[in-house]
Amino acid sequence: MTTAGLISARCDSADRLVESDEILAALQVRLGGGYPGVIALPGLLSLVRRARMAGATLGAAMTVTDEGQPLSFSARAIPDGAGTRIEISDWKVASDAWQGDEAASADEALVRQLAEAHIVLDAEQRIVSGSVTAGDLADLASGLQQGFGKYWTDLVTLEGNAHRQPLHWRLLDEARVAVPGSSRVWKTRILPLRAGGFELLLVAETVLISVPAKAVAAAPEPLPQPDWKGLLGRKLAPALRLPINRIVANAETIRTRLAGPLAEQYVGYAGDIAEAGRHLLSLVEDLADLETVEDEGFAPAPDHIDLVDCARRAAGILGVRAQERGIAFVLPALDVAAPAIAEFRRVLQILLNLIGNAVRYSPEHTRVEVDCGIDGEFAWITVQDQGQGIAQEHAEKVFEKFERLGRSGDGGSGLGLYISRRLARAMGGDLTVQQAPDGGAKFVLLLPADTAAQATAAG
């Protein structure tokens, strides 16, 4: 089966997927990535990163596993200054077995993660641009700034090799080098770029040992008070997302036996690791959102949106998960509209939580009904399931922080509904729950109606 048409997406300058057609967004979520979040497909992430660093359009054919089913597609990464556009075509179920290219892409992605220097070279291995992240590579960083057009080998010493450039790049790949100012031993990886030139990565083979400074007689200055504000959301969460996604991706590679035959018991272990990684990533995202909504300065960015459009997008992202449990979505008719004033990204976040909970806690082979409308000054949207429902005495308790209502071990954090209500109220609306007529739970999201859009639609 081949998906017709072009699948479009966009990454920001940090290679985070911030816009995407539903088919790629859904795959991103199923692979354990966040949306928005760092790309969870190692090969695609590598392509985007190389295109951004080279400042050139790059393309590649890729294969990825989705729920045990191999998919293949062609991808192009197009830098546009503010980020990178992604165009995917020929999306289809792969008819042949996995090839070694995916393993090579995964290996390259891992090397890029470990590298502490990234340098772009032209076809003659002369320096185009570069960046370093290690403190003991300050001399190299200075040399890169002044070394445009020079051979990269002029900035390092090749172990056991006195020859100067030009040398074939394969003779320099995986060579040991000494870098001025660094006491560590470094190993090179040279990766050809499709648009021409190379990407040079320096990976340390020894650990950087910090030498403590000698004690001085002067009394030490008092330590500054730590600023915990924004620690998780702005600092820890971005640092945790990529390694956790890497754990999930590698565990899925093992579980699906892409790296070779594996005993059944280890397949189960790998599945447990992947599931635990997804749970940890979800908890990190929830805690980051919790920090955001409880900040005194938090203020959503209101815009003109349609709740019906938001509902359809959320249902599209969660469609595969619902199909696995035989749950059908009943969505508003195509001619229905519910214009509102709210931040699109935050409304989508609320609906993903409400519809995701409905799919998770509903019996198999039931329905989840989503409805929208306008009532006076408010636009409303309801999410109703056919599960056990929520007792009236728990209607407020369910929105409390870390409240699980006796459910444990289901992968939830007990923060989703608390964060969703805080977001709804911050946008001038509210989120409540009531008993559905058929016994299930019915969540009602209210947001300020877009009266100007209503008047325009009315003629």
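One can find the structure itself at the top, above this paragraph.
Cut-offs used in this document
Residues numbered from 1 in each chain as written. Predicted model: local features only at pLDDT ≥ 70, side-chain atom pairs only at ≥ 80, totals over all residues. Heavy atoms only, no water. Helix = DSSP H or I, 4+ residues; strand = E, 2+ residues; numbered from the N terminus. Buried < 20%, exposed > 50% of the residue type's maximum accessible area, 1.4 Å probe, protein only. Areas by Shrake-Rupley, 256 points an atom, 1.4 Å probe, with all protein chains shown as cover. Pairing = 2+ DSSP bridges. Axes fitted to C-alpha atoms, helices over the stretch in contact; angles between N-to-C directions. Contact = heavy atoms within 4.5 Å. Phe/Tyr/Trp six-rings, centres within 6.5 Å; stacked < 30°, edge-to-face > 60°. Lys NZ or Arg CZ within 6 Å of the ring centre and 35° of its normal. Salt bridge = Lys/Arg side-chain N within 4 Å of Asp/Glu carboxyl O.

The next subject is the overall build of the protein. Scanning the protein from terminus to terminus reveals 12 helices and 20 strands. Looking at the protein residue by residue over its 459 residues, the buried ones come to 43%. Of the roughly 23,600 Å² of accessible surface on the protein, 53% is carried by carbon and sulfur atoms.

Between Tyr 35 and Pro 36 the backbone carries a cis peptide bond, its omega angle lying at 0°. If you trace the backbone, Pro 36 turns up in the loop between α1 (22-30) and β4 (37-38). Even without being glycine, Gln 125 reaches a positive phi, approximately 65°. Mapped onto the secondary structure, Gln 125 falls in the loop between β8 (117-121) and β9 (127-132). In this model, His 365 sits at a positive phi of 60°, which is unusual for a non-glycine residue. Summarising the element assignment, His 365 is placed in the loop between α10 (344-361) and β17 (367-375). Judged by its relative accessible area of 65%, His 365 falls in the exposed class.

Here 5 strands make up an open sheet; going across it, the order is β15-β17-β18-β20-β19 and the pairing mixed. Single-partner strands in this sheet number two, and they are β15 (328-330) and β19 (430-435). The average undirected angle you get between the axes of adjacent strands in this sheet is 20°. Relative to β17, β15 is paired through 3 bridges, and the arrangement is parallel. What sits directly across from Phe 329, in β17, is Val 368. Against the sheet, helix α8 (residues 307-317) makes contact with β15, β17, β18 (378-384) and β20 (441-448), and its axis sits at roughly 25° relative to β18, the strand it touches most.

Moving on: the sheet that holds strand β11 (residues 176-178). Paired through their backbone hydrogen bonds, the strands of a sheet run either parallel or antiparallel. In space, the 6 strands of this open sheet follow the order β9-β8-β13-β12-β11-β10, with antiparallel pairing throughout. Looking at the sheet topology across the chains shown, the edges are occupied by β9 and β10 (157-158). In the packing of helix α2 (residues 42-54) onto the sheet, the strands contacted are β8, β9, β12 (185-192) and β13 (198-204), and the crossing angle to β8 comes to about 65°. Along the sheet, helix α4 (residues 138-146) makes contact with β8, β9 and β13, crossing β9 at roughly 150°.

The next subject is the pairing of β8. Counting buried positions along β8 gives 5 out of 5 residues, so the element sits mostly inside the fold. Residue alternation in β8 divides its side chains into two sets, Ala 117, Ile 119 and Leu 121 and His 118 and Val 120, and both sets are buried. Here β8 runs beside β9; their pairing, made up of 5 bridges, is antiparallel. By the bridge assignment, His 118 is partnered in β9 with Ser 131. Hairpin connection of β8 to β9: 5 residues between the antiparallel strands, including Gln 125 at a positive phi of 65°. As paired elements, β8 and β13 share 5 bridges and run antiparallel to each other. Across the sheet, residue Ile 119 finds its bridge partner in β13, namely Leu 200.

Another aspect to go through is the packing of aromatic side chains. All told, the structure shown has 2 aromatic pairs when counted by the stated rule. Between Tyr 266 and Tyr 269, the ring centres sit 5.6 Å apart and the planes meet at 80°, which makes this aromatic pair edge-to-face. Of this pair, Tyr 266 and Tyr 269 both sit in helix α7 (residues 264-293), 3 residues apart, roughly one helical turn. When its relative accessible area of 43% is taken as the criterion, Tyr 266 is described as partly exposed. Taking the relative accessible area as the measure of exposure, Tyr 269 reaches 46% and is therefore partly exposed. Between Phe 399 and Phe 443 the ring centres are 6.2 Å apart and the planes differ by 85°, which places this aromatic pair in the edge-to-face class. Of the two residues, Phe 399 sits in the loop between β18 and α11 (416-426) while Phe 443 sits in strand β20, which places them 44 residues apart along the sequence. Taken individually, Phe 399 and Phe 443 each receive the classification buried, so the pair is uniform in this respect. Cation over ring: Arg 421 sits above Phe 399, and NZ or CZ is 3.9 Å from the ring centre.

It is worth spelling out the pattern of salt bridges at this point. With the rule as written, the count across this model stands at 19 salt bridges. The shortest N-O distance in the salt bridge between Glu 396 and Arg 421 comes to 2.8 Å. Of this pair, Glu 396 sits in the loop between β18 and α11 while Arg 421 sits in helix α11; the two residues are 25 residues apart in sequence, bridging distant segments of the chain. Its relative accessible area of 48% is what places Glu 396 among the partly exposed residues. The class for Arg 421 is buried, based on a relative accessible area of 8%. Connected through shared salt-bridge partners, Glu 396, Arg 421, Arg 425 and Asp 430 make up one network.

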